[in-house]
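Coordinate inspection notes
What follows is each chain in one-letter form.
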Amino acid sequence: MIFLIISIVLYTLVAVIVPKRLTKSEMYQTSLFALVFVLIVDFVLSWKLGLYGYFNDKAYLRSLLVVVGIFPAASVIYLNLYPFKKEWLKQLRYILIWSIFVTVYEWLSIKYGYFYHNGWSIWYSAIVYPFVFATLTWNLVFFRKLTAKGE
């Protein structure tokens, strides 16, 4: 549990001090999107299929602490530092670096006991994370297009 608390504090601290390239509404929207996205994925893969989980099968409130404490802050950090104005290879490299980082973080979460696999593999996560980060990026791009049109 101490690893989780330290993680939440660090993610939140970095999210607060990271240079802001997103507007407040973009950070709000992307944080909500990250929450909904992870809750849908967790609902299917964790709660319905039982492939992984947080703590144990009955730790719903602590699981919510993980979701609310880490994912919005991580999305704010990731998107505020995303190299939107760089060429696509640098953008791809950025996504891959983040994917490696969160794969290592997931491994540490397993080692410190607040996350477990049950039919899932760290290798599945390593393959899926680039798509997760691309989805977060595409969501922000889509949101910016909507707000530019005044919708």
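As a reminder, the structure under discussion sits directly above these lines.
Within any chain, residue numbers begin from 1 and follow the written order of that chain's sequence. Predicted model: local features are reported for residues with pLDDT of at least 70 only, side-chain atom pairs are reported and counted for 80 or more only, and whole-chain, interface and lining totals are derived from all residues. Values reported for side chains reflect all heavy atoms of the structure, with hydrogen atoms and water molecules removed beforehand.

**Side note on the overall build of the protein chain**
- For the purposes of this entry, the term helix denotes a DSSP run of H or I that reaches at least four residues, the term strand denotes a run of E that reaches at least two, and both are numbered from the N terminus. The helix and strand inventory of the protein chain stands at five helices and two strands.
- When its helices and strands are written in sequence order, the protein chain yields α-α-β-α-α-β-α.
- All radius of gyration figures rest on C-alpha atoms, and the globule criterion is 2.2 Å times the number of residues raised to 0.38. Relative to its length of 151 residues, the protein chain is compact, with a C-alpha radius of gyration of 16 Å against a globular reference of 15 Å.
- Referenced to the eigenvectors of the C-alpha coordinate spread, the extents of the protein chain come out at roughly 45 × 30 × 30 Å.
- Contact between two residues is taken to exist if any of their heavy atoms lie within 4.5 Å; hydrogens are not considered. Long-range contacts, defined as pairs at least 24 residues apart, comprise 72% of the intrachain contacts of the protein chain with a sequence gap of at least 6.
- Using the Shrake-Rupley algorithm and a 1.4 Å probe, accessible areas are obtained, with residue cover drawn only from the displayed protein chains. With an accessible surface of roughly 9300 Å², the protein chain has 73% of that area assigned to carbon and sulfur atoms.

**Quick notes on the pattern of salt bridges**
- The term salt bridge refers to a pairing of a side-chain nitrogen on Lys or Arg with a carboxyl oxygen on Asp or Glu at a separation within 4 Å. This structure, assessed with the given rule, holds one salt bridge.
- For the salt bridge of arginine 144 with glutamate 26, the shortest nitrogen-to-oxygen distance reads 2.7 Å. Linking arginine 144 in helix α5 (residues 122–148) with glutamate 26 in helix α2 (residues 24–48), this pair joins segments that are 118 residues apart in sequence.
- Each residue is assigned to one of three classes by its accessible area relative to the maximum for its type, calculated with a 1.4 Å probe on protein chains only: buried under 20%, partly exposed between the two thresholds, exposed over 50%. Relative accessible area serves as the criterion here: at 26%, arginine 144 is assigned to the partly exposed category.

**Thoughts on the packing of aromatic side chains**
- Pairing of aromatic rings covers Phe, Tyr and Trp, the last through its six-membered ring, and needs centres within 6.5 Å; plane angles under 30 degrees mean stacked, over 60 mean edge-to-face, and all others mean tilted. Summed over all chains, the structure comprises 20 aromatic pairs.
- Ring centres of phenylalanine 3 and tyrosine 105 lie 5.4 Å apart, and the angle between their planes is 25°; on these two criteria the pair is classed as stacked. With phenylalanine 3 in helix α1 (residues 2–17) and tyrosine 105 in helix α4 (residues 88–111), the pair connects residues that are 102 residues apart, well separated along the chain.
- You can call phenylalanine 3 buried: its relative accessible area is 16%.
- Between the aromatic rings of tyrosine 94 and tryptophan 98, the centroid separation amounts to 6.4 Å while the plane-to-plane angle is 55°, which identifies the pairing as tilted.

**A word on the nonpolar core**
- Only buried Ala, Val, Leu, Ile, Met, Phe, Trp, Tyr and Cys residues count toward a nonpolar core, and they belong to the same one when joined by side-chain atoms within 4.5 Å. Core analysis: the largest hydrophobic core is formed by 36 residues, its most contacted members being Tyr54, Ile70, Tyr78, Tyr114 and Phe133.
- Elements that contribute at least two residues to this core include exactly α1, α2, β1 (52–54), α3 (60–81), α4 and α5.
- Counting residues per element, this core draws most heavily on α3, at nine residues.
- The contacts of isoleucine 70, once residues within four sequence positions are left out, are Leu4, Ser7, Ile8, Tyr11, Leu65, Tyr105 and Tyr114.

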